[in-house]
Amino acid sequence: MENWTMGLWQACVIQEEVGMQCKDFESFLGLPAELRVSRVLMFLSNGLGLLGLLVSGFGLDCLRIGETQWDVKKRLLILGGILFWTAGVTALVPVSWVAHVTVQEFWDERIPEIVPRWEFGEALFIGWFAGFSLLLGGCLLNWAACGTQAPLASGRYAVAEMQTQCAYLENGTAHPSA
């Protein structure tokens, strides 16, 4: 039994007796259109995901840079979420496109039975999982950024307030007015 899988970078044959043998594609321009476009979209997805990670990292509350500028941090989180969402879409489009072409060619009756039929490879499922994870991460990041109404107290103000309350508790009073 043989399984033929074709990815964005190589084609593989999996045989029971021999194992897996893969061959890289020789030429970018010699590839079918869906593989050329899919490669470009996957590179774009990786770049957008990395940019979204960096932008949203600067918008986190735990980062002390710009801690007084809540509006800027909120905008960075929203931009990071949009970049993650866009990276997810640009990952799902090529993966689904290649899967669609694979299914159509598998069931094409014009192709003789002697020609090997391509199957889904592991990378296709990993691509779907990664794309949906990026979509979910972008949605959660935007939901968290838009769901927070007021800025949280920064670390030094919270500590100063706690020290003031502790001083009143040590004196035996519960309120500063007593």
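Everything numeric here is computed off the predicted structure, so don't read it as measured data.

Asker: It is not clear to me how the packing of helix H1 (residues 33-58) against helix H2 (residues 70-106) should be interpreted in this structure. Could you clarify?
Answerer: Axis angle and axis distance: for two packed helices, these are the angle between their axes and the distance between the axes, and together they describe the pair. As a packed pair, H1 and H2 sit with axes 8 Å apart at the nearest point and diverge in direction by 160 degrees. Regarding the angle of H1 to H2, the classification is roughly antiparallel. Judged by the sense of rotation from one axis to the other, the crossing of H1 with H2 is left-handed.

Asker: Looking at this structure, how should I read the pairing of strand S1 (residues 2-6)?
Answerer: Note on strand geometry: in a regular strand, side chains alternate between the two faces of the sheet. Note: S1 against strand S2 (residues 10-15), five bridges, orientation antiparallel. The residue bridging Glu2 from the neighbouring strand is Gln15, located in S2. Linking S1 back to S2 in an antiparallel pair, the connection comprises three residues.

Asker: How should I be thinking about the side chain of Arg39 in this particular structure?
Answerer: Its place among the elements puts Arg39 in helix H1. Despite its burial, Arg39 pairs with no opposite charge, the nearest such side chain being Asp24 at 7.6 Å. Not counting the four nearest positions on each side in its chain, Arg39 is found in contact with Leu8, Trp9, Phe25, Phe28 and Leu31.

Asker: What is the right way to look at the state of the cysteines in this model?
Answerer: In a disulfide, the sulfur atoms of two cysteines are held together by a covalent bond. According to the stated counting rule, one finds one disulfide in the structure shown. Each sulfur in the disulfide pair Cys12 and Cys22 lies 2.0 Å from the other. With the S-S bond torsion at 105 degrees, the cross-link from Cys12 to Cys22 turns out right-handed. Residue Cys12 is located in strand S2, and its partner Cys22 is located in strand S3 (residues 19-24); the two are separated by 10 residues in the primary sequence. Since its relative accessible area comes to 6%, Cys12 is described here as buried.

How each quantity is defined
Each chain carries its own residue numbering, running from 1 in the written order of its sequence. Local features are withheld for residues below a pLDDT of 70 in this predicted model, meaning they are given only at 70 or higher, and side-chain atom pairs are given and counted only at 80 or more; totals for whole chains, interfaces and linings count all residues. As a convention, hydrogens and water are excluded, and side-chain values are obtained from all of the structure's heavy atoms. Between N-to-C directions, angles cover 0 to 180 degrees, with each direction set by a line fitted to C-alpha atoms, over the stretch in contact for helices. Helical segments are the DSSP runs of H or I of at least four residues, strand segments are the runs of E of at least two, and each set is numbered from the N terminus. Comment on the angle field: the value is read as roughly parallel under 35 degrees, roughly antiparallel over 145, roughly perpendicular from 65 to 115, and oblique elsewhere. Throughout, a crossing is termed right-handed when the near helix is turned clockwise from the far one, and left-handed when it is turned anticlockwise from it by less than a right angle. A pair of strands counts as paired when DSSP detects no fewer than two bridges linking them. Per-residue accessibility, obtained with a 1.4 Å probe over protein chains only, is compared with the maximum for each type, and a residue is labelled buried under 20%, exposed over 50%, and partly exposed between these values. Under this rule, positive means Lys or Arg and negative means Asp or Glu; His and the chain ends count for nothing. By definition here, a salt bridge exists when the distance from a side-chain nitrogen of Lys or Arg to a carboxyl oxygen of Asp or Glu is within 4 Å. Residues count as neighbours in contact if any of their non-hydrogen atoms are within 4.5 Å of one another. A pair of sulfur atoms, both from cysteines and within 2.5 Å, is called a disulfide here.

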